[in-house]
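The primary structure of each chain is shown beneath.
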Amino acid sequence: MAQRDPSSTPTDTGANSPTPMGSTESAETRTSAEKIMLAFGNESSADVAVHFSIMSEGTVVSEGEVQVSQGEHETVETEIDTTGQYELRIEGDSGFESTYPVQIEEYDLRMGSNLIVEIYDGDTELLIEE
């Protein structure tokens, strides 16, 4: 029995050896790409319909339209799942138009950083969630 206990110990050590592998696997999970979300916040004095398009190297990656009530927020999923330089264009039915360059890096994909567009009367602002 004394011999079995030492063999159990190496077996346990063997079972403990995959723990670093488990840590590596969780690191891989953390580094997998998450699509970037596009959140609209309406701080203007009226409801607004917003058309958006996201382009990369002249190709439309994602586009759509969203209705955002006054004082509310709406979030849509984009098709951004790779690093690179993008351009976000937004147009509102109240007459505003804005274009923003957006650089997406590994950190943004890993952490699921979202693009946030704040809409004001006649103006917009782009923020990137860190």
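The structure reproduced in this document is the subject of the present report. Within any chain, residue numbers begin from 1 and follow the written order of that chain's sequence. For this predicted model, a pLDDT threshold of at least 70 governs which residues receive local features, and a threshold of 80 or more governs which side-chain atom pairs are given and counted, while totals over whole chains, interfaces and linings are taken from all residues. With hydrogens and water set aside, each side-chain value is computed from the structure's full complement of heavy atoms.

**Describing the overall build of the protein**
And step 1. Each helix is a run of DSSP H or I of at least 4 residues and each strand a run of E of at least 2, with the numbering of both proceeding from the N terminus. Assigned secondary structure in the protein consists of three helices and eight strands.
And step 2. Along the protein, from the amino end to the carboxyl end, the secondary structure elements read α-α-β-β-β-β-β-β-α-β-β.
And step 3. Burial status follows relative accessibility: with a 1.4 Å probe on protein chains alone, a residue under 20% of its type maximum counts as buried, one over 50% as exposed, and anything between as partly exposed. Taking all 130 residues of the protein together, 32% fall into the buried category.
And step 4. Carbon and sulfur atoms make up 46% of the accessible area of the protein, which amounts to about 8,100 Å² in all. Shrake-Rupley sampling with a 1.4 Å probe provides the accessible areas, and residues are treated as covered by the protein chains on show and by no other component.

**Quick word on the sheet that holds strand S2 (residues 48-56)**
And step 1. The criterion for strand pairing is that DSSP finds at least two bridges linking the strands in question. With antiparallel pairing, the four strands of this open sheet are ordered in space as S3-S2-S5-S6. Edge positions in the sheet fall to strand S3 (59-68) and strand S6 (97-104), since each of these pairs with one other strand and no more. The average angle at which neighbouring strand axes cross in this sheet is 20°, direction not considered.
And step 2. The pairing of strand S5 (residues 84-92) with S6 spans eight bridges and is antiparallel. Pairing of glutamine 85 across the sheet is with glutamine 103, part of S6. Orientation is described by axes fitted as lines to C-alpha atoms, over the contacting stretch for helices, and by angles from 0 to 180 degrees between their N-to-C directions.

**A few points about the pattern of salt bridges**
And step 1. By definition, a salt bridge exists where a carboxyl oxygen of Asp or Glu is found within 4 Å of a side-chain nitrogen of Lys or Arg. Within this structure, the stated rule accounts for three salt bridges.
And step 2. In this structure, the salt-bridge partner of glutamate 77 is lysine 35, at a minimum N-O distance of 3.7 Å. Of this pair, glutamate 77 sits in strand S4 (residues 73-77) while lysine 35 sits in the loop between helix H2 (18-31) and strand S1 (37-42), and the two are 42 residues apart along the sequence.
And step 3. The partly exposed category is assigned to lysine 35, whose relative accessible area is 32%.
And step 4. The residue glutamate 87 makes a salt bridge to arginine 89 at a minimum N-O spacing of 2.7 Å.
And step 5. A relative accessible area of 27% places glutamate 87 in the partly exposed class.
And step 6. Salt bridges sharing common partners tie together Lys35, Glu77 and Glu79.

**Brief notes about the nonpolar core**
And step 1. Core analysis: the biggest nonpolar cluster contains 23 residues, and Leu38, Phe40, Val50, Leu88, Ile90 and Val117 have the highest contact counts within it.
And step 2. Looking at this core, the elements with two or more residues in it are S1, S2, S3, S5, S6 and strand S7 (115-120).
And step 3. The dominant element in this core, judged by the number of residues it contributes, is S2, at four residues.
And step 4. Here, residues are in contact when the closest pair of their heavy atoms is within 4.5 Å. Leave out the neighbours within four places in its chain, and leucine 38 touches Phe52, Ile54, Glu74, Thr75, Val76, Thr78, Leu88, Leu115 and Val117. Buried Ala, Val, Leu, Ile, Met, Phe, Trp, Tyr and Cys residues form a nonpolar core when they are joined through side-chain atoms within 4.5 Å.

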